[in-house]
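Below, each chain spelled out in residue letters.
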Amino acid sequence: MGHRYLQDHMPARTSPTEVGHVVRALYLEAGVADVAAETGDRELLASSVRRWADMIATKTYLTGGNGSRHSDEGFGDRFELPPDRAYNETCAAIASFHWSWRLLLATGEAKYADHMERILYNGFGAAIAGDGERFFYVNPLQRREDHFEKDEPGRRRSWFSCACCPPNIMRLIASLANYFATTSGDTLYLHQLTGAEITGGGFTIEVSTRYPWEGQVQVMVTAAPQDERGLAVRVPGWATGSRYRLNDEPEQAADPGYLLLRRMWRPGDVIVVDIALTPRLTLPDRRVDAVRGCVAVERGPLVYCFEQADQPDGVAVDDIAILSAVGQPAITLTERALTLPGIGQTVQVTAVALHLRGTALGTESDAGRDAEPVTAAAIPYFQWDNRDGRAMRVWMPLRESAASGKLRSVAG
Ligand SMILES: [Zn+2]
């Protein structure tokens, strides 16, 4: 398979970017981070930090997945991120989660916990069927109506002959509680926003929330140390406009990063953080040719996808373009909570769109001819393939210009 497949082409210390088999590469990085932490080797840690940043910017899908080549379950070139041919092995998402955790411990930087959340709710979350009985090994961002990989239609399966992913999923879920919080110095850090009772750093706290469906996170102190300490809650990087309130004090802005409050805490103290979950449109990096001119929908930590089952009758998901009317300040996204058969609880996001009926090869005016306005509907990506197994796509073509301040750039 070659030296790059095995990450044996050059020393890890000097390697600039991730290459070869993704799961091997990211397990190796977990080891690199561990050795750096045990030996205090700052140069080795810095090399791992550099490759993580490079991977996030150039070789990571919007869902947090990695691997764009099926042939060697491997990384591709920088910006080689086709949504339909994405490999994104479930084990790779888990390996990336483990590596990001180690860099979080080594640096204390919120971006690592942000990425763990992205993996958990999207690239990892999608691997498991709604009923918990079937799994994805490969997690693409697009499935066509007639998709086949050899004789397989690319739906979740109950088992695999190479059975790495299902037990790896069980391992991560069984150990998930260990990744939610840490202590550092005199501060207790809450990294993941989920219901929990956490004891550490002299505190016991109770976290109550319906996140990611709703944005309110309540942290109640039930046991407090006898001196001044810090309590920190992660506000995700995308959550601009978030607010918090401590007890009866006035509400204040909570900027992305760690909201760190330091005081003498008493049992009964309550921090309420309102994470802004407003649906948003995300643009890919212009160098990702496979999705150039497309947009994706995200809401809070959830990446959304357009599945055939949610579109109007007679409108194929591949014939839909999200509409941005010239002169309007932003594309309108509407959300509503509902329950769907096969899926259960969800928050659907709808967008004003066009049903394109142009010819396969034609001019721009041909493609726009007979286009009709439709409402396109999206559900969280982790909930896809729980119904009829038809077409799905995360990245949607955009018609007209999207000169909106709400758009931001990501790798793909
Ligand atoms: Zn696997």
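Placed above this text is the structure.
The rules we used
Residues numbered from 1 in each chain as written. Predicted model: local features only at pLDDT ≥ 70, side-chain atom pairs only at ≥ 80, totals over all residues. Heavy atoms only, no water. Helix = DSSP H or I, 4+ residues; strand = E, 2+ residues; numbered from the N terminus. Rg over C-alpha atoms; globule rule 2.2 N^0.38 Å. Buried < 20%, exposed > 50% of the residue type's maximum accessible area, 1.4 Å probe, protein only. Contact = heavy atoms within 4.5 Å. Phe/Tyr/Trp six-rings, centres within 6.5 Å; stacked < 30°, edge-to-face > 60°. Core = buried A, V, L, I, M, F, W, Y, C linked by side-chain atoms within 4.5 Å. Donors = N, O, S within 2.8 Å, 3.2 Å for Na, K, Ca; no water. Salt bridge = Lys/Arg side-chain N within 4 Å of Asp/Glu carboxyl O. Pairing = 2+ DSSP bridges. 1 Å grid on protein atoms, 1.4 Å probe; cavity = no way out; pocket = protein on both sides within 12 Å on 5 of 7 lines; lining within 4 Å. Points joined across faces, edges and corners; volume = space filled by probe spheres on them. Nonpolar A, V, L, I, M, F, W, Y, C, P; charged D, E, K, R; others polar. Axes fitted to C-alpha atoms, helices over the stretch in contact; angles between N-to-C directions.

## A short note on the overall build of the protein chain
On a plain count of helices and strands, the protein chain comes out with six helices and 21 strands. Radius of gyration (C-alpha) of the protein chain: 22 Å, near the 22 Å computed for a compact globule of 412 residues. Counting over 412 residues, the protein chain shows a buried share of 54%. Contacts in the protein chain between residues at least 24 apart in sequence constitute 66% of all its contacts with a sequence separation of at least 6.

## Looking at the packing of aromatic side chains
Enumeration over the complete set of coordinates arrives at eleven aromatic pairs. Judged by centre distance (6.4 Å) and plane angle (70°), the ring pair of tyrosine 87 and tyrosine 137 falls under edge-to-face. Taken as a pair, tyrosine 87 in the loop between helix H2 (42-58) and helix H3 (90-107) and tyrosine 137 in the loop between helix H4 (110-124) and strand S1 (142-143) lie far apart in primary sequence, 50 residues in all. Of the two residues examined, tyrosine 87 and tyrosine 137, each falls in the buried class.

## Brief notes about the nonpolar core
Residues Ile205, Trp265, Ile271 and Ile275 are the most contacted members of the largest nonpolar core, which totals 50 residues. Element by element, the count of residues in this core is highest for strand S17 (residues 344-355), at four residues. Discounting residues that sit within four places of it in the chain, tryptophan 265 has contacts with Phe203, Val221, Ala224, Pro225, Arg229, Gly230, Leu231, Leu246 and Ile271. Counting residues in each nonpolar core, the second largest holds 40 residues, with Leu44, Ala92, Ala113 and Ala127 among its members.

## Structural notes on the coordination of the zinc ion
When four donors bind a metal tetrahedrally, each ideal donor-metal-donor angle is 109.5 degrees, and when six bind octahedrally, the ideal angles are 90 or 180 degrees. Of the protein atoms, only Glu89 (OE), Cys91 (SG), Cys164 (SG) and Cys165 (SG) coordinate the zinc ion, at distances of 2.1 to 2.3 Å. In terms of primary sequence, the donors binding the zinc ion are separated according to E-x1-C-x72-C-C. In this pair, glutamate 89 is assigned in the loop between H2 and H3 and cysteine 164 in the loop between S1 and helix H5 (165-175), connecting sequence segments 75 residues apart. Residue class for glutamate 89 comes out buried when judged on its relative accessible area of 4%. For cysteine 164, a relative accessible area of 28% gives the class partly exposed.

## Examining the pattern of salt bridges
Counted under the stated rule, the structure contains 31 salt bridges. With a closest N to O distance of 2.5 Å, arginine 210 and glutamate 214 form a salt bridge. According to the relative accessible area criterion, arginine 210 is partly exposed, its value standing at 41%. Taking the relative accessible area as the measure of exposure, glutamate 214 reaches 41% and is therefore partly exposed. Arginine 299 is the salt-bridge partner of glutamate 335, the closest N and O atoms lying 3.1 Å from each other.

## Points about the sheet that holds strand S11 (residues 270-274)
Pairing is antiparallel in the open sheet, where six strands are placed in the order S4-S5-S6-S11-S8-S9. The sheet terminates laterally at strand S4 (196-200) and strand S9 (252-253), the two strands that pair on one side only.

## Points about the layout of surface pockets
The calculated volume of the largest pocket comes to roughly 680 Å³. Lining the largest pocket are 26 residues, and of these Tyr137, Val138, Glu149, Glu152 and Arg157 lie nearest its centre. The residue makeup of the lining of the largest pocket, split by class, is ten nonpolar, five polar and eleven charged.

## Observations regarding H5
All of the buried residues in H5 are Cys165, Pro166, Asn168, Ile169, Leu172 and Ser175. For H5, the secondary structure elements touched by its buried residues are helix H1 (22-39), H3 and H4.

## Details of the sheet that holds strand S2 (residues 181-184)
On the basis of which strands lie adjacent, the open sheet formed by four strands has the order S2-S3-S7-S10 and mixed pairing. Bordering the open sheet on either side are S2 and strand S10 (257-264), each of which pairs with just one other strand. Taking the axes of each pair of neighbouring strands and ignoring which way they run, one obtains an average angle of 20° across the sheet. Sheet topology note: the S2/strand S3 (residues 187-190) ladder contains four bridges and is antiparallel. Residue pairing for S3: threonine 183 is matched across the bridge by leucine 188. The sheet contacts of H4 involve strand S7 (228-235) and S10, and relative to S7 the element is tilted by about 45°.

## What about the side chain of arginine 280?
Structurally, the position occupied by arginine 280 is in strand S12 (residues 280-284). You can call arginine 280 buried: its relative accessible area is 11%.

## What to know about the environment of leucine 259
Locating leucine 259 in the fold gives a position in strand S10. Assessed through its relative accessible area of 11%, leucine 259 is described here as buried. C-alpha separation for the pair leucine 259 and glycine 314, spaced 55 residues apart in sequence, amounts to 48 Å. In contact with leucine 259, not counting residues within four places along its chain, are Leu231, Ala232, Val233, Val235, Tyr244, Ala254 and Val273.

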